[in-house]
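# Structural description and commentary
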Amino acid sequence: MSVLLPTLFIFLVLIIWLPILPREKTWARILVLGFAMILTLRYFSWRVMITLPDLTMSFQSLWAWVFFIFEVGAITGLLIGLVFQSRTSNRSEEADQGVARLMQRDVVPSVDVFIATYNEELEVVERTIVGALSLDYPRYTVWVLDDGKREWLREFCEKKGAHYVTRPDNLYAKAGNINNGLAVSKEKSNADLIMVLDADFVPRSDFLWRTVGFFDDKKIGIVQTPQYFFNPDPAQANLLADRFWVDEQRYFFDIIQPSRDAWDVAFCCGTSSVVRRRYLEEVGGFPTDSVTEDMLLTFVFLQKGYITRYLRERLSIGLAPEGLKEYLTQRSRWCLGTLQILWLKSCPLWASGLNMTQRISFLWQTLNWVITFPWVLLCLLAPLIFLFTGVYAIETQGSDIIAYFAPAFVAVLMSISWVSQNKNLIIMTDATRLVMVFTILNSIYQGLFRPFGQGFKVTAKGGDRSQVVIHWQLLWKLIVLFLLSLTGITINLIPEYAVIENHDLFLANLFWSFFNIVIILIAALIAIDLPRQRSQERFAVHEPSKMILGGDQGVLCLIKDLSLSGARVQMNNKPLLSESVQLDVPGVGRLSCKINRHINTQEVAIQFSDLAFNRDAMIRKLYTQGYNNVSLRAKPLKLFIIVMRRIFGRDPA
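Residues numbered from 1 in each chain as written. Predicted model: local features only at pLDDT ≥ 70, side-chain atom pairs only at ≥ 80, totals over all residues. Heavy atoms only, no water.

### Remarks on the pattern of salt bridges
Counted according to the given criterion, the structure contains 31 salt bridges. Between Arg250 and Asp247 there is a salt bridge, with the nearest N and O atoms lying 3.0 Å from each other. The residues Arg250 and Asp247 share a single accessibility class, namely buried. The residue Asp584 makes a salt bridge to Arg590 at a minimum N-O spacing of 2.7 Å. Connected through salt bridges with shared partners, the residues Arg91, Glu94, Asp261, Asp264 and Arg309 form a single ionic network. (Salt bridge = Lys/Arg side-chain N within 4 Å of Asp/Glu carboxyl O. Buried < 20%, exposed > 50% of the residue type's maximum accessible area, 1.4 Å probe, protein only.)

Structure below.
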């Protein structure tokens, strides 16, 4: 029991001090993350000096060394990440100063707004076009770049006042589409800056005021803003945990990108960014050598001395992948694109014109794909191989694992949870990685051995989401891993069949196996797409209004949530059913609607009868004014309760 005391002491010290340390201060980050690094290096030195067997051709030796090699990669990525996260940035004050400078000018920089689209439905791209046309900025032009060559979209753009552009081929996919827009717009508007939006991302009305001022600094080539979403991603939706857990991208956009920005190595993520046209033309447009043309552009710019600045403000909202298939397609493309860069002469690891920090930042991104996902699978297989064969991944005693691994594990776990504001919790992170692991392993193979000629796989948006979809190709693998884990534990609990004789090592692998089982079960829940209850996402607004029940008789009410199709309204008195009612929506107007049902004694659900006349106003209200309808903060305790109830088949409500 005494071997646990150092770990318990570390836990108590961190749980007392972390809540009161200033997370945004560099000295506090260095203190906390440096402590985690020291304990990680202590564990690593023990691994190197004590636990490695002689290298022979036996399965035991080869397995232990393969496991160790990937562990070295994982620890390297971890240490790089901790160093980068020792700093962070907050550019909001600089944005305020930029707005003030712009307001004092007679002429502000001009902007061409590019909306790149391919196969999205009208309902998806409509929000973006209406939102872009509603930007509060004096000099901009909206260009819809349609690689789908859809006549209905041309007509829609003409009706709304956006420029419509297509091309004879779809060469180089999204990068080629943007480069074509660059050439076409040069002949007409030729704006100073290019704002890039994906077809499903709607900019907040003040987007350009907040970003354009940064370009007064001539070294800035790109300003990137975060990607936020107005719908839950598959993990949130399928776990029914969107009120208590953040989308998977929050850790990257809220924590990692500000840290990279503090080191001047933030990178462009495509949508919701602004690029300086002159610099873009100088490098020949968006690179076409990788399907992650946005990240590659960052490093091409860095070779010229132009940096990407990151503004951590919620200036746009978009559509997260609505199903697991789309989610995996997107992540697979990101992985392939990163590995394609390794094969290029302009690869940041060896291209000229980059400093060591910039090269290491790309190495970190590469390790996140090439090492992290094989490592996830190895950590699942290691206890299974041990329980069934007695072949160990780490040659040691159980007490030594507790003495060296446990302190590092606790310190890293708690420090990352602290620095990420609980947006990176190990069980949830590992579960989402497990969901991706088989798809990503295929992308790693493609990226390392057949990197080119794969084509650009578009993330599908929209469509019918009313049915349960079971992803059997993933689920059967998870079921096998689950059954093997249970079987391995069971046979070693029966003396007549036990494979493992070392009690300490069995207990260590028992804990490891139970940890893996929890991860597998969460991943299995994510692998089942649950039906989306509403066709339109609803936003909490809580705005006072008036409902017209008949004639001019008005009743004061409170609009609690609102969507393009209806609202939830609270009334002071018990509401009465009526065939025809009207609702005054602030900023939109008086809308005809009908009461669908009574939610309770004071609240009713209403459906808009005809929104055609006020539709654009409603889109502007919901999507360009900063409303939010998904959790931006993690609530670990409530999340744990929800997940446990889901695992045991209970209603999470």
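### Focus on the sheet that holds strand E3 (residues 163-165)
Pairing is mixed in the open sheet, where seven strands are placed in the order E3-E2-E1-E4-E8-E6-E9. Two strands bound the open sheet, and with one partner strand each, they are E3 and strand E9 (307-310). Each strand axis lies, on average, 25 degrees off the axis of its neighbour in the sheet, ignoring direction. Bridge count between strand E2 (residues 140-146) and E3: three bridges; the pairing is parallel. (Pairing = 2+ DSSP bridges. Helix = DSSP H or I, 4+ residues; strand = E, 2+ residues; numbered from the N terminus. Axes fitted to C-alpha atoms, helices over the stretch in contact; angles between N-to-C directions.)

### Side note on the packing of helix H15 (residues 372-389) against helix H19 (residues 503-526)
The contact between H15 and H19 brings their axes to 9 Å, and the two run at 135 degrees. Between H15 and H19, the crossing angle belongs to the class labelled oblique. With respect to the hand of their crossing, H15 and H19 are arranged in left-handed fashion. On H19, the residues touching Cys379, Leu380, Ala382, Pro383, Phe386 and Leu387 of H15 are Leu505, Phe506, Asn509, Trp512, Ser513, Asn516 and Ile520. (Parallel < 35°, antiparallel > 145°, perpendicular 65-115°, else oblique. Left-handed = near helix turned anticlockwise from the far one by under 90°. Contact = heavy atoms within 4.5 Å.)

### Structural notes on unusual backbone geometry
In most cases, non-glycine residues show a negative phi, while peptide bonds are predominantly trans. Positive phi, close to 55 degrees, is recorded for Leu240, a residue that is not glycine. On the secondary structure map, Leu240 appears in the loop between helix H9 (234-238) and helix H10 (250-262). Classification of Leu240 as partly exposed rests on a relative accessible area of 37%. Phi at Gln421 takes a positive value of approximately 55 degrees, unusual for a residue other than glycine. Relative to the elements of secondary structure, Gln421 occurs in the loop between helix H16 (398-419) and helix H17 (426-449). Given a relative accessible area of 21%, Gln421 falls into the partly exposed group.

Keep in mind these values describe shape, not function.
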